[in-house]
Amino acid sequence: MALRPKFDPETHGLNKKFRLTKYTGLHGGGCKVPDVLVKLLHELGSNQYHDEQYIGGMIMPRLGIGLDCCVIPLRFGGLSLLQTTDFFYPLIDDPYMMGKIACANVLSDLYAVGVTECDNMLMLLGVSSKFTEKERDTVIPLMIHGFKDSAEEAGTSITGGQTVLNPWCLIGGVATTVCQQNEFIMPDNAVPGDVLVLTKPLGTQVACNAHQWLEQRNDKWNRIKLIVSEDEVEKAYHDAMFNMARLNRTGGLLICLPREQAAKYCAEIKKVEGNQAWIIGIVEAGSRTARIIDKPRVIEVQTLEDGTVQSVPPTTT
């Protein structure tokens, strides 16, 4: 994905002070309801997480509430329905890129269980009631265009959805596919000795927050400007935007692999996408919890002009 010039509101006939992120009070992961919601949804059924179901003489895996997407065994020939829905509020100011990010985010939940083909998508769109008519007629088509382009890049299409008025702007969708049992991977196959591979850098929310503080020139910006420059914040924000818009279709965000295969996988993703991946951890026997070592090594990354992500070579003193 080639880098895109910074969004200029005036180019689109909008006020130069227009910021899409002003049309919501929450951003990114901040709009998620805490895990207690899973308990509240318990009334929907008992098979909420990982279970098995006997259908048509076959033992079929089943996933429910609380994981990336649902895996529902169908009564036809060993097939399963995989479906996910997600939406959130704007976390960047470029409407087109926000549409791409929203679509990539929905599809990512399918990719997280090893699915590479999506049969159909729906789009969910909340048009802010605070938009002027000009803002609405300019911003919404850009968001739809970005969502559509990302769906086409994934090899799928949008066949419907829902659009409503809402105090805050929001965008998301539904992704659906029908698979045979060998076309998806249940997220419970890690064994001690496997290693963890990360295919995208962390820190996108921090970069977006820092950019918003810079735009607002608030107290938080006054505190962090002592350790980071405006140019560095702009670059980090730009890089984060493109990383979020990149599809996870080629092996997801975090993958468990046997140690002997991990290095080959990293080399393959570099060959296919041009992007770097990193071995960041190991699977150990235990109580299925995660921990960070006392002195983790921070790997700095950068997005190049062609849109690929690479580690910054370590500096020597």
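Residues numbered from 1 in each chain as written. Predicted model: local features only at pLDDT ≥ 70, side-chain atom pairs only at ≥ 80, totals over all residues. Heavy atoms only, no water.

Enquirer: When you look at empty space enclosed by the protein in this model, what are you seeing that I'm missing?
Expert: One water molecule sets the probe size; rolling that probe over the atoms shows where empty space is left. Applying the stated criterion across every chain yields a total of one cavity of 30 Å³ or more. As for the largest cavity, its lining consists of Thr199, Arg246, Leu247, Asn248, Arg249, Thr250, Gly251, Gly252, Ile269 and Glu273. For the lining of the largest cavity, the residue count by class is two nonpolar, five polar and three charged. (1 Å grid on protein atoms, 1.4 Å probe; cavity = no way out; pocket = protein on both sides within 12 Å on 5 of 7 lines; lining within 4 Å. Points joined across faces, edges and corners; volume = space filled by probe spheres on them. Nonpolar A, V, L, I, M, F, W, Y, C, P; charged D, E, K, R; others polar.)

Enquirer: Would you mind showing me how to read the side chain of asparagine 248 here?
Expert: Tracing the backbone shows asparagine 248 in the loop between helix H6 (230-245) and strand E9 (254-257). Classification of asparagine 248 by relative accessible area gives buried; the value is 6%. Engagement of the side chain of asparagine 248 in a polar contact is seen with the side chain of lysine 200, the distance being 2.9 Å. Asparagine 248 has contacts with Ser108, Tyr111, Lys200 and Leu253, leaving out every residue within four places of it along the chain. (Helix = DSSP H or I, 4+ residues; strand = E, 2+ residues; numbered from the N terminus. Buried < 20%, exposed > 50% of the residue type's maximum accessible area, 1.4 Å probe, protein only. Polar contact = N/O pair within 3.5 Å; in protein donor to acceptor, adjacent residues only side chain to side chain. Contact = heavy atoms within 4.5 Å.)

Enquirer: Could you clarify how one ought to interpret helix H4 (residues 204-216) in this entry?
Expert: Since the α-helix packs 3.6 residues into each turn, any two residues three or four apart lie on the same face. The end-to-end C-alpha distance of H4, which contains 13 residues, comes to 19 Å, matching closely the 18 Å that a straight helix rising 1.5 Å per residue would cover. Turning to H4, its buried residues number three or more, namely Ala207, Cys208, Ala210, His211, Gln212 and Leu214. In this fold, the buried residues of H4 make contact with helix H5 (219-224) and H6. Directly after H4, the chain includes arginine 217, whose backbone phi takes a positive value near 50 degrees. (Expected span 1.5 Å × (residues − 1).)

Enquirer: Which parts of the structure should I look at to understand the side chain of aspartate 93?
Expert: Mapped onto the elements of the fold, aspartate 93 is located in the loop between strand E4 (79-88) and helix H2 (95-111). Among buried Asp, Glu, Lys and Arg side chains, aspartate 93 stands out as unpaired, with arginine 19 the closest opposite charge at 4.3 Å. A polar contact of 3.1 Å, which involves the side chain of aspartate 93, links it to the backbone nitrogen of leucine 20. A polar atom in the side chain of aspartate 93 sits 2.7 Å from the side chain of threonine 21. Those residues within four positions of aspartate 93 in sequence are excluded, and the remaining contacts are Phe7, Arg19, Leu20, Thr21, His211 and Tyr237. (Lys, Arg positive; Asp, Glu negative; His and termini not counted. Salt bridge = Lys/Arg side-chain N within 4 Å of Asp/Glu carboxyl O.)

Enquirer: Got a minute to help me understand the sheet that holds E9 in this structure?
Expert: Pairing between the strands of a sheet comes from backbone hydrogen bonds, and it takes one of two forms, parallel or antiparallel. Ordered by their spatial adjacency, three strands build an open sheet running E9-E8-E10, and the pairing between neighbours is antiparallel. The open sheet has two free edges, formed respectively by E9 and strand E10 (278-282), since each of these has just one partner strand. Averaged over neighbouring strand pairs, the angle between their axes works out to 35 degrees when direction is ignored. (Pairing = 2+ DSSP bridges. Axes fitted to C-alpha atoms, helices over the stretch in contact; angles between N-to-C directions.)

Enquirer: Which parts of the structure should I look at to understand the nonpolar core?
Expert: Within soluble globular proteins, side chains that are nonpolar generally end up buried alongside one another. Counting 50 residues, the largest nonpolar core has Ile92, Met98, Leu107, Met121 and Phe131 as its most contacted members. Mapped onto this core, the elements with two or more residues apiece are E4, H2, strand E5 (120-128), helix H3 (133-153), strand E7 (170-180) and H6. Top element by residues in this core is H2. It accounts for 11 residues. Apart from residues no more than four positions distant in its own chain, phenylalanine 131 is found in contact with Phe18, Leu20, Tyr23, Arg136, Val139, Ile140 and Cys169. (Core = buried A, V, L, I, M, F, W, Y, C linked by side-chain atoms within 4.5 Å.)

Enquirer: Can you help me understand the pairing of strand E8 (residues 195-198) in this one?
Expert: One face of the sheet, then the other: side chains in a regular strand alternate in exactly this way. Here E8 shows two buried faces, one formed by Val195 and Val197 and the other by Leu196 and Leu198. As paired strands, E8 and E9 are joined by four bridges and run antiparallel to one another. Its bridge partner being in E9, leucine 198 is matched across the sheet by leucine 254. Alignment of E8 against E10, held across four bridges, turns out to be antiparallel. Counted as the bridge partner of leucine 198 is tryptophan 278 from E10.

Enquirer: Before we go on, may I ask you to explain unusual backbone geometry in this structure?
Expert: Trans peptide bonds make up the majority, and among non-glycine residues the majority have a negative phi. The backbone phi angle of arginine 217 is positive, close to 50 degrees, even though this residue is not glycine. Along the chain, arginine 217 turns up in the loop between H4 and H5. Residue classification places arginine 217 among the partly exposed residues on the basis of a relative accessible area of 46%.

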